[in-house]
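This is what each chain is made of:
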Amino acid sequence: MAEFVGAIDQGTTSTRFMIFDHGGAVVATHQLEHEQILPRAGWIEHDPLEIWRRTENVIEVALDKARLTADDLVAVGITNQRETTVVWDPVTGRPFHNAIVWQDTRTDRIAAALERDGRGDVIRERAGLPPAAYFSGGKLQWLLEHVDGLREAAEAGRALFGTTDTWLLWNLTGGRSGGVHVTDPTNASRTMLMDLRTLDWDDELLGFFGVPRRMLPRIRPSSDPEHYGATLAAGPFRGAVPLAGDLGDQQAASVGQLCFEAGQAKNTYGTGNFLLLNTGHEIVHSTRGLITTVAYQFGGSAPTYALEGSIAVTGSAIQWLRDQLGIIGDAAESEALARSVPDTGGMYFVPAFSGLFAPHWRQDARGAIVGLSRFHTRAHLARAALESICYQSKDVVAAMQQDSGVSLQVLRVDGGVTANDFAMQVQADILGIPVSRPVVSETTALGAAYAAGLATGFWSGVDELSSNWAESKQWTPSWTADQRADGHRQWLKAVERTLDWVEIS
Ligand SMILES: Nc1ncnc2c1ncn2[C@@H]1O[C@H](COP(=O)(O)OP(=O)(O)O)[C@@H](O)[C@H]1O
Ligand SMILES: O=P(O)(O)OC[C@H](O)CO
């Protein structure tokens, strides 16, 4: 009898396959990074075929490690970096272009034009998003305008759009020989093309970006008892497993953290940081720079919504120290380096590499290191980079509390950066509330597994999942109120210095 659930987590830096048991414990995992293609300043691409090959590989290796086969899996869920835009030919199975990644800023002019002529307010009201290069709609418009023959192909039904969930589901279910073309409302809510109320593509929004409806996937529930399809004997599972859960990775982490009640929140620290607050069945529009998004839609039930504080660059600032500056050999080294100095010596680093997302939404910002003097070393920079992750989170927590009236007593955290003890202590110090990490810190994959397992009856309902959450570690604040206020005041000054840098006409 099948006793496990699988989850594919297709993230910005890597792809994982994880296998969970009924208690939500990890049975096996395998993970592979893929290349970050940086053709020009501000452009970030991924090769969709490389992502598919990595996905096949991590599935095969994790199953082998656990000595399991397709027959041992009740279902598989998928979760993914959101917004990253893939367009491919359903006949050849080949992408028309590299995927344009969510952090890519090439479409900031498209977003600025929407804002100038008033269409931005329609997008805010209907899709819950401010016009920004971050979301898929502008990326898709750019591809339609810049890739030879793509518009004609799209209008003739010979080009498909998808985020990476859609791309992988299509490949897993047969690709050119009948792959399904589907997504879920959490992913669709990141495109600027979906109406939050109807959970359907909206013709007026499609018109803003010149997107033909026929290239868009069907929007199916995030946890789907009817299943999107099944894996194939010829594919990496070497057998048929129902594909029954699909959630954008930040929404998946929220499900993995069991944020099922209005007022519950989590903060995920990966390539970027994403704080999500469950607002129940209510669509709440922010007045302080948060976005409105679908948290999940299980089966045919009414969708649950969330307010989100999205930060573009957090863990990727640590990758930048590693890959571009070469001052650390791996991300974990940032901790010892930061601890080797007592403070940053007044240095602040604002990693506004893709402009600033929440709560500022300033596409004209670019990164800055301020307060530099001859005294400063790479250790100060590592410390300032880790602090920047925490200060950026402080700003979205503050906006969230003011917008929602919810006063967080503790911040539930997960994601790669939470392995850094120093950073999590600084986070508690800067926020002035405890920070708590669960035993299974891979909440993103766990959330996708929950979505798939709930759809197939492996778990009877969300109540059954509550016993699966346990805390592994809590950090409590140690700074005085004055320390907190002084540090934050300087941080806000540093943020000011990054603004109005790039001219977007
Ligand atoms: N010990 C650490 N200290 C600081 N940052 C870390 C540490 N370990 C991983 N990271 C950062 O976490 C990110 C990866 O986290 P992950 O949750 O896997 O992200 P994603 O899902 O976005 O690929 C990378 O950007 C990496 O730099
Ligand atoms: O892949 P991650 O974890 O960096 O998450 C990326 C987000 O989904 C972007 O919106």
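Residues numbered from 1 in each chain as written. Chains lettered and ligands numbered in written order. Predicted model: local features only at pLDDT ≥ 70, side-chain atom pairs only at ≥ 80, totals over all residues. Heavy atoms only, no water.

- As recorded in an unreviewed UniProt entry, the protein chain goes by Glycerol kinase and comes from Pedococcus badiiscoriae.
- Quoted verbatim from the Function (unreviewed entry) heading of the UniProt record, the comment on the protein chain is "Key enzyme in the regulation of glycerol uptake and metabolism. Catalyzes the phosphorylation of glycerol to yield sn-glycerol 3-phosphate."
- According to its UniProt record, the protein chain has this under Sequence similarities (unreviewed entry): "Belongs to the FGGY kinase family." (UniProt positions renumbered as here; feature names shortened; annotations may be inferred.)

**Some remarks on the overall build of the protein chain**
Phase 1: Per the secondary structure count, the protein chain includes 16 helices and 23 strands.
Phase 2: Taking 2.2 N^0.38 as the reference for a compact globule, 505 residues should give roughly 23 Å; the C-alpha atoms of the protein chain span a radius of gyration of 22 Å, in line with that estimate.
Phase 3: The buried share of the protein chain, taken over its 505 residues, is 62%.
Phase 4: Counting contacts in the protein chain only where the partners sit at least 6 residues apart, residues at least 24 apart contribute 72% of the total. (Helix = DSSP H or I, 4+ residues; strand = E, 2+ residues; numbered from the N terminus. Rg over C-alpha atoms; globule rule 2.2 N^0.38 Å. Buried < 20%, exposed > 50% of the residue type's maximum accessible area, 1.4 Å probe, protein only. Contact = heavy atoms within 4.5 Å.)

**Quick notes on the sheet that holds strand E18 (residues 304-311)**
In a beta sheet, neighbouring strands are held together by backbone hydrogen bonds and run either parallel or antiparallel to one another.
Phase 1: A sheet is described by the order of its strands in space; here 7 strands give the open sequence E17-E18-E16-E15-E21-E22-E23, paired in mixed fashion. In the strand order of this sheet, the two ends are held by strand E17 (291-296) and strand E23 (471-475), each with one partner. On average, adjacent strands in this sheet sit at an angle of 30 degrees to one another, irrespective of strand direction.
Phase 2: Inspection of the sheet shows strand E15 (residues 265-269) paired to strand E21 (residues 411-414) by 3 bridges, in the parallel sense. Residue pairing for E21: Asn 267 is matched across the bridge by Val 413. (Pairing = 2+ DSSP bridges. Axes fitted to C-alpha atoms, helices over the stretch in contact; angles between N-to-C directions.)

**Observations concerning the pattern of salt bridges**
Phase 1: Per the counting criterion, the structure on display carries 27 salt bridges.
Phase 2: Among the ionic pairs, Arg 119 bridges to Asp 117, the shortest N-O distance being 2.9 Å.
Phase 3: A residue is classified by how much of its surface remains accessible, and Arg 119, at 25% relative accessible area, is partly exposed.
Phase 4: Residue Arg 124 pairs with Asp 121 through a salt bridge whose shortest N-O separation is 3.0 Å. Here Arg 124 pairs with Asp 121, and both are found in helix H3 (residues 119-127), just 3 residues apart, close to one helical turn.
Phase 5: Look at Arg 124 and you get partly exposed, because its relative accessible area is 30%.
Phase 6: Put simply, Arg 82, Glu 83, Arg 190, Asp 249 and Glu 308 are held in one network by salt bridges that share partners. (Salt bridge = Lys/Arg side-chain N within 4 Å of Asp/Glu carboxyl O.)

**Observations regarding the pairing of strand E5 (residues 73-80)**
Where a strand is regular, its side chains alternate between the two sheet faces.
Phase 1: Of all 8 residues that make up E5, 8 are buried, and the element is covered over most of its length.
Phase 2: Relative to E5, strand E1 (residues 4-10) runs parallel, the two sharing 7 bridges. Each residue of the ladder has a partner; that of Gln 10, found in E5, is Asn 80.
Phase 3: Bridge analysis of E5 against strand E14 (residues 242-248) gives 5 bridges, and the strand direction is parallel. By the bridge assignment for E14, Asn 80 is matched with Gly 248.

**Details of the site of ligand 2**
Phase 1: For ligand 2, the full set of nearby residues is Gly 11, Thr 12, Gln 81, Arg 82, Glu 83, Trp 102, Tyr 134, Asp 249, Gln 250, Thr 271 and Phe 274.
Phase 2: Interatomic distance of 3.2 Å between a side-chain N/O atom of Gln 250 and an oxygen atom of ligand 2.
Phase 3: At 3.1 Å, a side-chain N or O of Thr 271 approaches an oxygen atom of ligand 2.
Phase 4: Burial of ligand 2 by the protein amounts to 93% of the accessible area it has alone, namely 310 Å². (Near = heavy atom within 4 Å. Polar contact = N/O pair within 3.5 Å; in protein donor to acceptor, adjacent residues only side chain to side chain. Areas by Shrake-Rupley, 256 points an atom, 1.4 Å probe, with all protein chains shown as cover.)

**Remarks on the nonpolar core**
Phase 1: Ranked by internal contacts, the top residues of the largest apolar core, which has 132 residues, are Leu 140, Met 215, Leu 216 and Leu 411.
Phase 2: If you look at the next biggest cluster of nonpolar residues, it comprises 30 residues, including Val 76, Ile 78, Leu 168 and Val 182. (Core = buried A, V, L, I, M, F, W, Y, C linked by side-chain atoms within 4.5 Å.)

**Some remarks on the packing of helix H2 (residues 108-116) against H3**
Phase 1: One can describe the packing of H2 onto H3 by two numbers: an axis separation of 5 Å at closest approach and a directional angle of 95 degrees. It follows from the interaxial angle that H2 and H3 lie roughly perpendicular. On the side of H2, the interface is formed by Ala 113, Leu 114 and Glu 115, while H3 contributes Arg 119, Gly 120, Ile 123 and Arg 124.
Phase 2: Taken together, the residues that form the contact of H2 with H3 break down as 3 nonpolar, 1 polar and 3 charged. (Parallel < 35°, antiparallel > 145°, perpendicular 65-115°, else oblique. Nonpolar A, V, L, I, M, F, W, Y, C, P; charged D, E, K, R; others polar.)

**Re the sheet that holds strand E2 (residues 14-20)**
Phase 1: If you trace the 6 strands from one edge of the open sheet to the other, you get E3-E2-E1-E5-E14-E13, paired in mixed fashion. Either end of the sheet is taken by a strand with one partner, and the two such strands are strand E3 (26-33) and strand E13 (229-230).
Phase 2: On top of the sheet, helix H6 (residues 164-172) reaches E1, E5, E13 and E14; it is set at about 145 degrees to E5, its chief contact.

**Some points on unusual backbone geometry**
Backbone phi values are negative for most residues with the exception of glycine, while trans is the configuration of most peptide bonds.
Phase 1: Across the junction of Ala 358 and Pro 359, the peptide omega takes the value -5 degrees, indicating a cis bond.
Phase 2: Position of Pro 359 relative to the elements: it lies in the loop between strand E19 (348-350) and strand E20 (368-370).
Phase 3: One non-glycine residue, Leu 258, lies in positive phi territory at about 60 degrees.
Phase 4: Structurally, the position occupied by Leu 258 is in the loop between helix H9 (249-256) and E15.
Phase 5: Backbone geometry places Asp 500, a non-glycine residue, at a positive phi of 60 degrees.
Phase 6: Of the residues examined, Asp 500 reaches a relative accessible area of 59% and is grouped as exposed.

**Concerning the UniProt feature "binding site: ADP" (unreviewed entry) in the protein chain**
Phase 1: The positions that UniProt labels "binding site: ADP" (unreviewed entry) are, in the present scheme, Thr 12, Arg 16, Thr 271, Gly 315, Gly 416 and Asn 420.
Phase 2: Topologically, Thr 12 is positioned in the loop between E1 and E2.
Phase 3: Under the relative-accessibility criterion, Thr 12 is labelled buried at 7%.
Phase 4: Contact partners of Thr 12, with chain neighbours within four places excluded, come to His 34, Gln 36, His 46, Gln 81, Val 101, Trp 102 and Thr 271.
Phase 5: Position of Gly 416 relative to the elements: it lies in the loop between E21 and helix H13 (421-431).
Phase 6: Judged by its relative accessible area of 57%, Gly 416 falls in the exposed class.

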